[in-house]
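Descriptive analysis of the structure
If you want the building blocks of each chain, they are given just below.
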Amino acid sequence: MRKYSYSVSVLYQLLRILNSNCRNNIAAFSAFKNKYTPAMLDLLLSELAAAEKLKGEQARSLEHETLRIEMIPLADRCLTFWQYLKRYIADYAGPSHELQVANWDAAGWEFYTESASFNWDKLRNMCSMALTYIEDHEADLKTKGYMPDAFKDNFDDACNGPDGFNKKYDAFLLAQENAFQGTVDKVAANNNIFMKFSDLCADGQTIFAKDETRKALFSMEAVASLIKPTGTSIVVVELTNSETNAPVPGFDLVNVETERTVTANAEGRAEMGQQAEGSNSYRIVADGYEEKTITITVAAGTKTIQKFSLKPLVSEAAKAEIAGSAALAPESVTAS
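Residues numbered from 1 in each chain as written. Predicted model: local features only at pLDDT ≥ 70, side-chain atom pairs only at ≥ 80, totals over all residues. Heavy atoms only, no water.

What follows concerns the pairing of strand E6 (residues 292-298). In regular strands, side chains alternate between the two faces of the sheet. Looking at chain direction, strand E5 (residues 278-285) and E6 are connected through seven bridges and run antiparallel. Residue pairing for E6: Ser279 is matched across the bridge by Thr297. Between the end of E5 and the start of E6, which pair antiparallel, lie six residues, with Gly288 showing a positive phi angle near 85°. (Pairing = 2+ DSSP bridges. Helix = DSSP H or I, 4+ residues; strand = E, 2+ residues; numbered from the N terminus.)

This is the structure we're talking about:
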């Protein structure tokens, strides 16, 4: 949990100014506590630089976002193989629709719609079930369903091969975990240096208790207000589906600089208060949509409302086609 309320850029600038203020008053600080020396202040600056050097949120998310984009064609390849398998099963199972459905379900059909909507866990499960089904029925699928001899190996390679979906998905999950740990590490480093300067400020307040001018030099609030006052500005983002104009509920709005996150309500409206004056960057993260980074210019003491629309990763027409495919008899289904 963050112990500081400032944006990261303001935090680092604030702490450097406090370090300089202490250096300019080093005689008074050294007389109060002999730990205050130029070398001690140099060490604080080194720790501050190390915290600043740790990757920010955007840099940490780059790896797993790249892997997510690379997974899409691999997932599509697996889905195509599954649709081929569905047609082989239709021939093997015979004209009974009930028997076809029972066999499709055994091959993971119940997970197809979610898999096609970028639910990677469901896709992995569906492919595992499909390959197990092929293993159990391979001879009949070849003789009665006209499945090619190389189909099983090709399907398995698409799922489990060195360039297959599962390997890429494992790398994606690891990158996500590393990004989360990176966030934890950076916040911990920021907290550590912030608390050290908080102690410095407390000493400064004591040393200059009767000197209001110099006392203000060691007030974090007073110094921070000179850097970039936060005011009471509020940002509101209203998000809709660009194809249907329907609100997108439950999306996350993330301030890129502070990493603060709020979740939109059922009407697709996210509101974030205490925003810094000026240009601020935000990420919009919504299930089924590409992540989008937006920039909003905020005036002090105002509420800024911005409307945005995002195009879904799977079009409404494609969703309808998938749903229709699930309801149709096998002879109406074509491989995608």
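Here the narrative resumes, following the displayed structure.
Another point: the state of the cysteines. Following the criterion strictly, the structure yields zero disulfides and no others. Cys127 carries a free sulfur, and the closest cysteine sulfur to it, the one in Cys159, is 3.5 Å from it. (Disulfide = S-S within 2.5 Å.)

Let's shift gears to the packing of helix H7 (residues 120-143) against helix H8 (residues 151-160). Where H7 contacts H8, the two axes come as close as 11 Å, and the packing angle between them is 160°. In terms of their interaxial angle, H7 and H8 are classed as roughly antiparallel. Taken as a pair, H7 and H8 cross one another with a handedness that is left-handed. Between H7 and H8, the residues in contact are Cys127, Ala130, Leu131, Ile134, Glu135 and Glu138 and Phe151, Lys152, Phe155, Asp156, Cys159 and Asn160, respectively. A per-class count over the contact of H7 with H8 returns seven nonpolar, one polar and four charged. (Axes fitted to C-alpha atoms, helices over the stretch in contact; angles between N-to-C directions. Parallel < 35°, antiparallel > 145°, perpendicular 65-115°, else oblique. Left-handed = near helix turned anticlockwise from the far one by under 90°. Contact = heavy atoms within 4.5 Å. Nonpolar A, V, L, I, M, F, W, Y, C, P; charged D, E, K, R; others polar.)

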